[in-house]
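One-letter residues, chain by chain:
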Amino acid sequence: MNINPFTSTMSTTSPTLTANQKRALLFNINEPLEILIQEFDNDWWPLVSNIWTGFSYRNHVNEEIPLEKRQKTKTRPPELCFAKIKVSRFISEQKVRVERYNDSPDYTHSLDESEKLKRSQVVRTLVEQEALKNYRPPAIVSAVKEFATEKLGLNKSVKELRRKEVTNIKSKVRGSLDTHLIGNPNRELDIQETIIFLKKQGYLVEHYEVIHKPTSGFVFIHPNQINNLEQYGWLTLIDSTHKTNRYDFRLFTLHIRNTYGCWDVGAHFFVNQSHVEANSIKIAFPGLKYGEQECDVIFCTVHIMRTWMSKIYDSKTRQKMIQAMHKITKVGCESIIQQAIDECPVPTIKQYIKRNFMKNTHQWALWARELKKSTSPKYGLIGACHKIVALDEKKRSDSEYVSFEFRTKNISAIGIDHVILHEIHKFPFPIQQMLVNEFNAVQGRIEKGKPTPGLISLNCNCLFFRQFLLPCWHIFHEHVYGDIKLLTVDIWEKFQKMFEEAGFEIYMHRELVEIEEPKKTEAEKAAENRRLTINELMEMTRNIYWRVEEKNNPEQTCMFIQELNTCLEPVLNNKINEILAVE
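These numbers come from a predicted model, not from an experiment.

Draft legend 1. Highlighting the pattern of salt bridges. Per the stated rule, a full pass over the model turns up 13 salt bridges. When the shortest N-O distance is used, the salt bridge between E34 and K95 registers 4.0 Å. Taken together, the residues span a long stretch of sequence, with E34 in strand β2 (residues 33-36) and K95 in strand β4 (residues 95-100) at a distance of 61 residues. Overall, the relative accessible area of 32% leaves K95 in the partly exposed class. The partner of E34 in a salt bridge is R97, and the shortest N-O contact between them spans 3.6 Å. Highlighted residues: E34 in strand β2 and R97 in strand β4, separated in sequence by 63 residues. A relative accessible area of 42% places E34 in the partly exposed class.

So this is what it looks like as structure tokens:
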């Protein structure tokens, strides 16, 4: 038997007790309690490790350290509380006995007062677990408080948890793990070691300097990405990421969109001096709907917060939104935004948040930022490159998965005829999504009371058909509800053959091929010119009609038709009368 007199608390062995009940029982011991050693060490003592301390320990701690060099901590005035307990360990029985020590009195202060001075081991363990994920201290504080309150019921234990404590714990936990990321304190040596590391990882690296200017850096690319960059680099998105290293080298990443519609990493380069920013904006990249590649717009967190200072002028609401920005999960972020809206006393601010930030958290919240979450301004260049290499591997894996799904995945859709859906499934998956969206738009036309377009061929002048050369909602409307079945098996095959050996690169260019024909007489040329003129007039009329129609304004559409009818009817009637008179 091993007996140790500790100033410590105790709890019962009932499995139904909550964590707070255990803490309360161990705070003031009324009756001796016996607990299994493993259970006591794992489930009970960590709850009160901040309340009790070894009785003889404080007399020896720091005794060899000068007073002025000792760590300054919060302490309670001495000789105000004399509560003691005795913890006895019975090794043979694998039990722990907890009882009062020599009839000592109860605590003269509350349990909450002890929680204000020091964190229990269970809270420190939660912080250490989150620190391993390398989140920022504010995010760790929020995550620990949320988990301890909702899952463990220890809301009082984490109530006084502060960012500074978390920062200190994180530095101790991450210190040994991040040693290889700090790099050489000498910048030039750090660059050399970084280049050696990248070459070992299979990257092609080149160090460069600009003559007569202080600008220098290095560029690196994985060999697997060279072909993609050469083939699809005609449209390259440049992303700039700040504060990835302690030298303030700006990291620039080239993103290209491959044949499967997946944005992939092309290359990276570090620059020690740059004022160039590559901003992805909707005007430049309007997206797939307008014939361009889909592009996400990512907002700068600094400018977002500056905007909030003027637009979200209620301080409590703004603090809620800042908390949402640093949330590490999408669900948690959206939950806090909803709280900010519900608790905001200003209706205009509520509407501003709903309209601008409720449904686009992937553009401004940090839960969606991979590189920002993994790098640190304390790292050397080699540390930043360690993180970049890991993310590159993930991006290449994602790209391979997208390429696999491109021709193997089939979309699920409700309300589409099984014959049409079967033909749609023969297209690549992204094209399936586009076609299903066009088909579903037909229902909207019917609900608005619009008739069938009256097409007699597959030549539609709408924007979608001209851009993608695929069946649009007008063709689907005519095929399903009109008199002419435009989409025969042969027609479907012609559309599907476009993608037999290609992906999205078929839309990289489009051209007309002229075929030599036998020479025509002047009369034949004049007749052809007349036909072309008529076709051009009809095409212009159709284009204008569809532009007006797509605005979904029935009054404006009817007015256009009436004006057109007013202009054409006299001309057509006169010609009909002339033809009948001649006959």
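Draft legend 2. Here's a closer look at the side chain of T557. By the secondary structure assignment, T557 is in helix α24 (residues 554-582). In this structure T557 comes out as buried when scored by relative accessible area, which is 8%. Each residue touching T557, except ones within four places of it in the same chain, is listed here: Y545, V548 and E549.

Draft legend 3. Structural detail: the sheet that holds strand β7 (residues 236-241). Spatial strand order, β5-β6-β9-β8-β7: 5 strands in an open sheet with antiparallel pairing. One side of each edge strand has no neighbouring strand; the edge strands of this open sheet are β5 (204-209) and β7. Strand-to-strand twist in this sheet, taken as the mean axis angle between neighbours without regard to direction, amounts to 20°. Relative to strand β6 (residues 216-221), β5 is paired through 6 bridges, and the arrangement is antiparallel. Paired with E206 across the bridge in β6 is V219.

Draft legend 4. Quick peek at the confidence of the model for the protein. Put simply, the protein has an average pLDDT of 79, and 84% of its residues get 70 or more. Low pLDDT (under 50) marks residues 1-12, which in the prediction has 63 contacts with non-local residues, meaning those over four places away or in another chain. Across residues 274-285 the pLDDT falls below 50, and counting only partners more than four positions away or on other chains, this stretch makes 18 contacts in the model.

Draft legend 5. Quick peek at the environment of E115. Note that E115 resides in helix α3 (residues 111-117). By relative accessible area, E115 is classed as buried at 1%. Between the C-alpha atom of E115 and that of V158, which follows or precedes it by 43 residues, the distance is 8.2 Å. In contact with E115, other than residues within four places in its own chain, are R23, N50, K156, S157 and E160.

Draft legend 6. Summary view of the packing of helix α1 (residues 19-27) against helix α2 (residues 37-48). The contact between α1 and α2 brings their axes to 9 Å, and the two run at 65°. If you check the angle between α1 and α2, you find them roughly perpendicular. The chirality of how α1 crosses α2 is right-handed. Across the interface between the two elements, A19, K22, R23 and L26 of α1 pack against D43, W44, L47 and V48 of α2. Looking at the contact of α1 with α2 residue by residue, the class counts come to 5 nonpolar, no polar and 3 charged.

Rules of the game
Residues numbered from 1 in each chain as written. Predicted model: local features only at pLDDT ≥ 70, side-chain atom pairs only at ≥ 80, totals over all residues. Heavy atoms only, no water. Salt bridge = Lys/Arg side-chain N within 4 Å of Asp/Glu carboxyl O. Helix = DSSP H or I, 4+ residues; strand = E, 2+ residues; numbered from the N terminus. Buried < 20%, exposed > 50% of the residue type's maximum accessible area, 1.4 Å probe, protein only. Contact = heavy atoms within 4.5 Å. Pairing = 2+ DSSP bridges. Axes fitted to C-alpha atoms, helices over the stretch in contact; angles between N-to-C directions. pLDDT = per-residue confidence, 0-100. Parallel < 35°, antiparallel > 145°, perpendicular 65-115°, else oblique. Left-handed = near helix turned anticlockwise from the far one by under 90°. Nonpolar A, V, L, I, M, F, W, Y, C, P; charged D, E, K, R; others polar.

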